[in-house]
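# Residue-level structural notes
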Amino acid sequence: MSIAAETKAHVAEIGEKYKYGFVTDIEMERAPKGLSEDTVRYISAKKGEPDWMLEWRLGAFRRWLSMKEPDWARVQYPKIDYQDAYYYAAPKNTPKKQSLDEVDPKLLETYKKLGIPLHEQMALAGVAVDAVFDSVSVATTFKEKLNEAGVIFCPISEAIRDYPDLVKKYLGTVVPVTDNYFATLNSAVFSDGTFVFVPKGVRCPMELSTYFRINASETGQFERTLIIADEGSYVSYLEGCTAPKRDENQLHAAVVELVALDDAEIKYSTVQNWYPGDENGLGGIFNFVTKRGDCRGRKSKISWTQVETGSAITWKYPSCILRGDGSVGEFYSIAIANNFQQADTGTKMIHLGANTRSRIISKGISAGRAQNTYRGLVSVYGKAKNARNYTQCDSLLIGGDCGAHTVPYIESRNPTARIEHEATTSKIAEDQLFYCLARGIPQDEAVSLIVNGFCKEVLQQLPMEFAVEAQKLVGISLEGSVG
Amino acid sequence: MLDIRNLHVAVDGKEILRGLTLRIEAGQVHAIMGPNGSGKSTLSYILAGRAGYEITEGSITYDGEDLAALAPEARAAKGVFLAMQYPVEIPGVTTMTFLKTALNSQRRQRGEPDLDAVGVLKLVRAKAKMLNVTEEMLKRALNVGFSGGEKKRLEILQMALFEPRLAILDETDSGLDIDALRLVAEGVNTLRGPSRAMLVITHYQRLLDYIVPDRIHVLARGRIVAEGGKELALELEARGYDHLVKDVA
């Protein structure tokens, strides 16, 4: 079946716009509302963390108190009351699970609705899923196979207990505690997340995947991900995100840190489908995320691919620090904003080492009354001899009430640098639509087809099994956006 | 099969077709000839259902059904096909993907099951050869970087693939050299059949040397001003449109 046809069938199947808008009725254990040192201590205690971790968190919290929420992004939202939210929510009664059978069947039912292949499908797809439900990881599979390869893939809370030296060595070295308002907040209150360590020379035997889902109301989700690829190793990691429909806005402030040592490669893909709010702009996730990769070693490579279709507000700049000589950074992005969604997203490529290369391909699609901004920085430092960057920013507009903005910052302190920037803005042309219609392709499907064509270069970067899902999402998120 | 009566069509409030009457039976090939601005393209668009073209008076009956009441995609599913004068480009969508999507969209509307990729490929390959549409073309983005001849051949390939009951060819000869024209015309001729009607819209008589019509209608200022057999084309070639246009002025 073709992409667009499948999309159509898929949309018909679900019969509503936001497929993941269900709430799982599971008793939650929460921290008291609000944010204080006590909240931080509560979370740390709940996780059974060692003192050094608590101190780290408290340091972050104190720092956060002195910081100001950034306002430079092209997004507008009501003031967030940080005292009016819960910072920790976990399904009750969750002693360590040894197998899936022990997991609350309602949770598994949720995963089923999400289409997460937790059982045999996983084996077929060759995907290991570390599912983060609100704040606690409840099921980690494929551990054994990964163990054999020496790959550590576990909830970060577990890593803090079991691999403290690794965590201490790398945590906060890419995104420092002091980095920015939301990252600092995350450092203080992160409840869980994923830890990956791929040892020297190991090619991770499968795609690693984590699904995040916000279930409890008035809860923020602050996950923390740390991925380390040791010399000569390779890992591909995918996160998918969904959240139920709610009228209130929910805050999501994640931090992702990637470290690639000599000759190592990390491929990090995101399909983000948080609840975007309704057609009138009510509700939706505020997604303030700090993602950064450090190409610490020679000839290392970090590649970000993101498909952002959800969230009321997206504030996200997955970046690469190209420290090692000859290292490579890539950023492939599709950002779709429909109705009242606002997206301000892009990347930073910081060229520190010689012969470093970066490539940025950004596809922004705006529909309804949405505002979509690409914001990117390419910076070449003095020692980055022969650094190269290629940037391509394409914007597609659907309808007359939306906006597309491109804000590239380019700095070069080395005369040998070569930096290219290309940008286009186009509309879905009436004649393209008519051509599709006249050949029997209904409107929504035609839009999906045209937009998927527009995004093709980025979709091609996704692991196969997720590319199909992403193509469908592209169609679903733009349904009804034309006339 | 197609019965157009006293058709008036306006675009942006301006009347372009002004009382056009035309009837085509299954198995027949009719040609519409006329000078620039006579309403030829408007006629093709109104039949295919393009937005912005408004019927202010008259009727179009297709297979006993009110054509204007059908959405454009439904018309395609019911066998109306328009080979366009300017086929559009859709970047990033391979020609093969487009063909498959279109074919299955039509099939689905008719309640037929989808064809899988292999089934579509077989079908396309069988038809592509005759029109010299190469595998390489099928892998390229739809019409992107295609030459004029390639675009028109692809239009006729789609016609062969969808097997329409009513095919409208809008200036299919424009931009073609003589070899390309011959190839396209051959393609069209093999699709002639007792259950299919064709409406060939052209400015020049040249195309009608290759696709010989059963009947020719001359369109001027939104109305049919002359009708005749295939010999009418030769007469027009010799005398031009002026004397006919003057009569309706």
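Residues numbered from 1 in each chain as written. Chains lettered and ligands numbered in written order. Predicted model: local features only at pLDDT ≥ 70, side-chain atom pairs only at ≥ 80, totals over all residues. Heavy atoms only, no water.

## Details of the interface of chain A and chain B
One frequently used descriptor of interface size is the decrease in accessible area upon assembly of the parts. Defined as follows: Here, two residues are considered to be in contact whenever any of their heavy atoms come within 4.5 Å of each other. Buried area: the sum, over both parts, of the accessible surface (1.4 Å probe) that disappears when the two are put together. Salt bridge criterion: a side-chain nitrogen from Lys or Arg within 4 Å of a carboxyl oxygen from Asp or Glu. Polar contact is defined as a pair of N or O atoms within 3.5 Å, subject to the rule that within protein one atom must be able to donate a hydrogen and the other to accept it, and that residues adjacent in sequence are counted only when both atoms are side-chain atoms.
Each partner contributes residues to the interface: chain A has 22 residues there, and chain B has 36 residues. Both faces considered, chain A and chain B share a buried interface measuring about 2,300 Å² in area, 63% of it formed by carbon and sulfur atoms. Three residues stand out in chain A for area buried against chain B, namely F434(A), Y435(A) and R439(A), and they jointly supply 34% of the buried area on that side. For the pair chain A and chain B, the interface holds two salt bridges. The residue E155(B) makes a salt bridge to R439(A) at a minimum N-O spacing of 2.8 Å. Applying the counting rule to chain A against chain B returns ten residue pairs in polar contact (both at pLDDT 80 or more).

## So, the packing of aromatic side chains
Within a pair of aromatic rings, the relevant descriptors are the distance that separates the centres and the angle that separates the planes. Residue and element names in this part refer to chain A. Note the cut-off: When two rings of Phe, Tyr or Trp (its six-membered ring) have centres within 6.5 Å they constitute a pair, described as stacked for plane angles under 30 degrees, edge-to-face for angles over 60, and tilted for the intermediate range. Counting from the N terminus, the helices are DSSP H or I runs at least four residues long and the strands are E runs at least two residues long. Two conditions define a charge located above a ring, namely a distance within 6 Å from the ring centre to NZ of Lys or CZ of Arg, and an angle within 35 degrees of the ring normal.
For the structure shown, the criterion picks out 21 aromatic pairs over all chains. Summarising the aromatic geometry, the rings of Y163 and F195 are spaced 6.4 Å apart at their centres and angled 15 degrees between planes, so their arrangement reads as stacked. Of this pair, Y163 sits in the loop between α7 (156–162) and α8 (164–170) while F195 sits in strand β6 (residues 192–198), placing them 32 residues apart in sequence. Feature note: the residues F61, W64, W72, Y77, Y82, Y181, F182, F286, F288, W315 and Y317 constitute an aromatic cluster, connected by ring pairs. Directly above the ring of Y234 sits R203, whose terminal nitrogen or CZ lies 4.1 Å from the centroid. Above the ring of Y435, the side-chain terminus of R439 is found at 4.5 Å from the ring centroid.

## A word on the pattern of salt bridges
Between side chains of opposite charge, pairing is possible as soon as their charged atoms come close. Residue and element names in this part refer to chain B. Note the following rule: Note on exposure labels: buried denotes an accessible area under 20% of the residue type's maximum, exposed denotes more than 50%, and partly exposed covers the range between, all computed with a 1.4 Å probe on protein chains only.
Under the definition given, this model contains 33 salt bridges over all chains. With its nearest N and O atoms 3.5 Å apart, the salt bridge here joins K78 to E65. With K78 in the loop between α2 (72–77) and β6 (80–83) and E65 in strand β5 (residues 65–66), this pair connects stretches of sequence that are 13 residues apart. Since its relative accessible area comes to 38%, K78 is described here as partly exposed. Linked by salt bridges that have partners in common, D3, R5, R23 and E25 make up one network.

## Some details on the confidence of the model for chain B
What counts is decided by this rule: For every residue, the predictor states its confidence as a pLDDT score lying anywhere from 0 to 100.
For chain B, per-residue confidence averages 92 on the pLDDT scale, and residues scoring 70 or more make up 98% of the total. Overall fold confidence for the complex sits at a pTM of 0.81, while the interface term, ipTM, reaches 0.96.

## Quick notes on the sheet that holds strand β2 (residues 14–24) of chain B
Residues and elements named next belong to chain B. Operational definition: When DSSP locates at least two bridges between a pair of strands, those strands are taken to pair.
The strand order across the open sheet built from four strands is β2-β1-β4-β5, with neighbouring strands paired in antiparallel fashion. Strands with a single pairing partner mark the edges of an open sheet, and in this sheet they are β2 and β5. Here two bridges tie strand β4 (residues 53–62) to β5, and the two strands are oriented antiparallel to one another. Residue pairing across strands places Y62 opposite E65, the latter belonging to β5.

## Observations concerning unusual backbone geometry
For residues other than glycine, phi is negative in most cases, and the peptide bonds are mostly trans. Even without glycine at this site, S311(A) takes up a positive phi of about 70 degrees. The topology assignment puts S311(A) in the loop between β14 (301–308) and β15 (313–316). On the basis of relative accessibility, which here comes to 1%, the residue S311(A) falls in the buried class. Residues other than glycine seldom take positive phi values, yet R221(B) does so here, at roughly 50 degrees. Examined against the element boundaries, R221(B) turns out to sit in the loop between β11 (215–220) and β12 (223–228).

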